[in-house]
Amino acid sequence: MTKKDVSPMYELIEKLCKGNGTSPTKLCTEITGSRGNLPTWQKGNINPASLVKIADYFNVSVDYLLGRTN
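Keep in mind that this is a model prediction, so the values were computed, not measured.

**Q** Explain helix α4 (residues 48–58) residue by residue, including any values.
**A** Looking at α4, one finds that the buried residues are Ser50, Leu51, Ile54, Ala55 and Phe58. Along the axis of α4, the buried positions cluster into a sector of 140°, meaning they face one direction only. Where the residues of α4 are buried, they touch α1 (8–19), α2 (24–32), α3 (38–42) and α5 (62–65). Its side-chain oxygen placed 2.6 Å from the backbone nitrogen of Ala49, Asn47 serves as the N-cap of α4. Count one or two residues on from α4 and you reach Asn59, which has phi positive near 55°.

Structure representation (structure tokens):
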């Protein structure tokens, strides 16, 4: 997958991970129990329950992850 194929939401998650000293792969494993969902996340297809867990993990809103708030 090229960088241009990565969703803006995933880019934000990468940024949050970097700022918190973790990796997207580790986060995906913690949230879903498997790193196999990472390619789906990169495309921006994150299951709503996982999206809520990611928001809670980083103490941000789901709207923030969706790019609806700053």
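Text resumes after the structure shown.
**Q** Go over the environment of Gly33, please, and point to the residues and values.
**A** Position of Gly33 relative to the elements: it lies in the loop between α2 and α3. Judged by its relative accessible area of 61%, Gly33 falls in the exposed class. Spatially, the C-alpha atoms of Gly33 and Asp5 are 24 Å apart, while their sequence positions differ by 28 residues.

**Q** Before we move on, could you go through the packing of aromatic side chains and cite the residues and values that matter?
**A** For the coordinates displayed, the defined rule picks out one aromatic pair. Ring geometry for Tyr57 and Phe58: centres 4.9 Å apart, planes at 80°, overall edge-to-face. Classification of Tyr57 as partly exposed rests on a relative accessible area of 36%. Take Phe58: its relative accessible area is 10%, and that puts it in the buried class.

Thresholds, definitions, all that
Residues numbered from 1 in each chain as written. Predicted model: local features only at pLDDT ≥ 70, side-chain atom pairs only at ≥ 80, totals over all residues. Heavy atoms only, no water. Buried < 20%, exposed > 50% of the residue type's maximum accessible area, 1.4 Å probe, protein only. Helix = DSSP H or I, 4+ residues; strand = E, 2+ residues; numbered from the N terminus. Arc of directions from axis to C-beta. Contact = heavy atoms within 4.5 Å. Polar contact = N/O pair within 3.5 Å; in protein donor to acceptor, adjacent residues only side chain to side chain. Phe/Tyr/Trp six-rings, centres within 6.5 Å; stacked < 30°, edge-to-face > 60°.

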